[in-house]
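For reference, the chains in residue letters:
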Amino acid sequence: MANPILSPELQAIEAQNRRDIRIVEARPKLMRVGFALAIIADVAMLAFFAFVIIGYVVSDSFTELRSAAGFDDNVAAMHAIAKGSDAQQLTLGSAKVVQGTATSYDFYATVKNPNADWYATFTYSFSAGGTVSRTEDGFVMPGEDKYLLSLGAKADSRPSSPSITLENIVWHRVNHHDAPDVPEWLTEHGNFLITAPTYAADIALANDKIGRTTFTVTNASPYSYWEPQFNVILERAGAVVGVSQATLSQFTAGEVRNSEVRWYGEIPLTATATVAPNVNFFDESSYMSPQGNQGIDPRDLLK
């Protein structure tokens, strides 16, 4: 049967009904799509939020790690600086003994201060078997390599296997306000010109002969000293055969002194002597008063 021909008004109504039916049928699908899009949007927002949080935490952690590493580096650097400023230990040579007189012996050892800005004060003593030296006051200037001596230890026979003990070591850091250039400062204060010492075994004493070392010291420094001491070392073929000391009382600036040290006991026929100052230049009591007040030793006022 042929379809009836609808009027234009009815055709418009039919078309509208079909659209409404399609919309109604499509609404569940649209709701499902919208719901899915909403879920996707929520997941995206959550992912973004999580990314931001994780990025902040990770970035902050790296910042803290870098800060901690920087702090550790600073601590390590400060520790290295502190360690670098600490005084290094003294280098102490082995103790030795030589005969001083027929009934006494002299001990000696070398000590070296490797520090450029520190000097040390201490006490020391020697021992060998039943023989013990007296306790001596010692010191060593920055960069100095010197002898430590203890003379006149009584013994019936030559002591064997001597040893040295350092105690009461106190390190003093040089004040660079007073001594900006430490080596130059020490050179200026210890400017003693010592002529080549001579040695001769030419003094007759009863049936024996004793030796003597003579030398001249010029105080070329601008400072006057109360009792500067000088170590005198006697060597033969590179071996120490005698040690002694000479003290020059009230040795004023510019003064020239002749000094003599005598050797007893087992003396060699020939030997070479060396002389070196043994003065604590950082000890103010080593120096005499300025010109005009040099007649009184302030230490005498304490007696």
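The structure we're discussing is the one just above.
Quick notes on the rules
Think of each chain on its own: its residues are numbered from 1, step by step along the sequence as written. A pLDDT threshold of at least 70 governs which residues receive local features in this predicted model, and a stricter bar of 80 or more applies before side-chain atom pairs are shown or counted, although totals over entire chains, interfaces and linings include all residues. To obtain the side-chain values, all non-hydrogen atoms of the structure were used and water was disregarded. Pairing between two strands requires that DSSP report at least two bridges joining them. Numbering goes from the N terminus for both helices and strands, where a helix is a DSSP run of H or I of at least four residues and a strand is a run of E of at least two. Counting of polar contacts relies on pairs of N or O atoms within 3.5 Å, with two restrictions inside protein: one atom must be capable of donating a hydrogen and the other of accepting it, and residues adjacent in sequence are counted only when both atoms are side-chain atoms. A contact between two residues is defined here by any heavy atoms of the two lying within 4.5 Å. Among buried residues, the Ala, Val, Leu, Ile, Met, Phe, Trp, Tyr and Cys ones that are joined through side-chain atoms within 4.5 Å form a nonpolar core. For every residue, the accessible area (1.4 Å probe, protein chains only) is compared with the maximum for its type, and the residue is labelled buried under 20%, exposed over 50%, or partly exposed between those bounds. For this analysis, a ring pair means two rings from Phe, Tyr or Trp (six-membered ring only for Trp) whose centres lie within 6.5 Å, classed as stacked if their planes differ by under 30 degrees, edge-to-face if by over 60, and tilted for the remaining angles. Between the N-to-C directions of two axes lies an angle of 0 to 180 degrees, each axis being a line fitted to C-alpha atoms and, for a helix, fitted only over the stretch in contact. Our arc is simply the arc of the directions from the helix axis toward the C-beta atoms.

Asks: Which parts of the structure should I look at to understand the pairing of strand β11 (residues 208–219)?
Replies: On a regular strand, one side chain projects to one face of the sheet and the next to the other, so that they alternate. Judged from the three bridges that link them, strand β9 (residues 192–194) and β11 form a sheet pairing that is antiparallel. Counted as the bridge partner of F192 is N219 from β11. Where strand β10 (residues 198–205) and β11 come together, six bridges link them in antiparallel fashion. Residue pairing for β11: I203 is matched across the bridge by I210.

Asks: Please explain the side chain of S221 as it appears in this structure.
Replies: When you line up the elements, S221 lands in the loop between β11 and β12 (229–236). Only 3.2 Å separates the side chain of S221 from the backbone nitrogen of Y223, close enough to count as a polar contact. Discounting residues that sit within four places of it in the chain, S221 has contacts with E188, H189, N191, A253 and G254.

Asks: I'm lost on the nonpolar core in this one. Help?
Replies: Across soluble globular proteins, you tend to see nonpolar side chains buried next to one another. Counting residues in hydrophobic clusters, the biggest one holds 27 residues, and the most contacted among them are F192, F215, V217 and F281. Elements with a minimum of two residues in this core: α2 (182–189), β10, β11, β12, β14 (256–263) and β15 (272–278). Setting aside residues no more than four positions away along its own chain, F192 makes contact with V217, T218, N219, Y225, F230, F251, P277 and F281. With 17 residues, the next largest nonpolar core counts Y105, A120, L148 and A155 among its residues.

Asks: How should I be thinking about the packing of aromatic side chains in this particular structure?
Replies: Between two aromatic rings, the relevant description is the distance of the centres plus the angle of the planes. Scanning the entire structure with this criterion turns up twelve aromatic pairs. Between the aromatic rings of W185 and F282, the centroid separation amounts to 4.5 Å while the plane-to-plane angle is 10°, which identifies the pairing as stacked. Here W185, found in helix α2, pairs with F282, found in the segment after β15; they are 97 residues apart in sequence, far enough to count as distant. Under the relative-accessibility criterion, W185 is labelled buried at 16%. Between F192 and F251, the ring centres sit 6.0 Å apart and the planes meet at 10°, which makes this aromatic pair stacked. Residue F192 is found in strand β9, and its partner F251 is found in the loop between β13 (239–247) and β14; the two are separated by 59 residues along the sequence. Using a relative accessible area of 9% as the deciding quantity, one classes F192 as buried.

Asks: What am I meant to see in the sheet that holds β15 here?
Replies: The strands making up a sheet associate through hydrogen bonds between their backbones, and the pairing can be parallel or antiparallel. Overall, antiparallel pairing links the three strands, which are arranged β13-β12-β15 in an open sheet. Every interior strand has two partners, whereas the edge strands, β13 and β15, have only one. Strand-to-strand, the axes of this sheet are offset by a mean angle of 20°, without reference to chain direction. Pairing geometry for β12 and β15, over seven bridges, is antiparallel. What sits directly across from I233, in β15, is T274.

Asks: Before we go on, may I ask you to explain α2 in this structure?
Replies: All of the buried residues along α2 are V182, W185, L186 and H189. Each buried residue of α2 lies within a common arc of 95° when the element is viewed along its axis, so the set occupies one face. Of the residues in α2, the exposed ones pointing more than 90 degrees away from the buried face are P183, E184 and T187. The N-terminus of α2 is capped by D181, whose side-chain oxygen sits 3.1 Å from the backbone nitrogen of E184.

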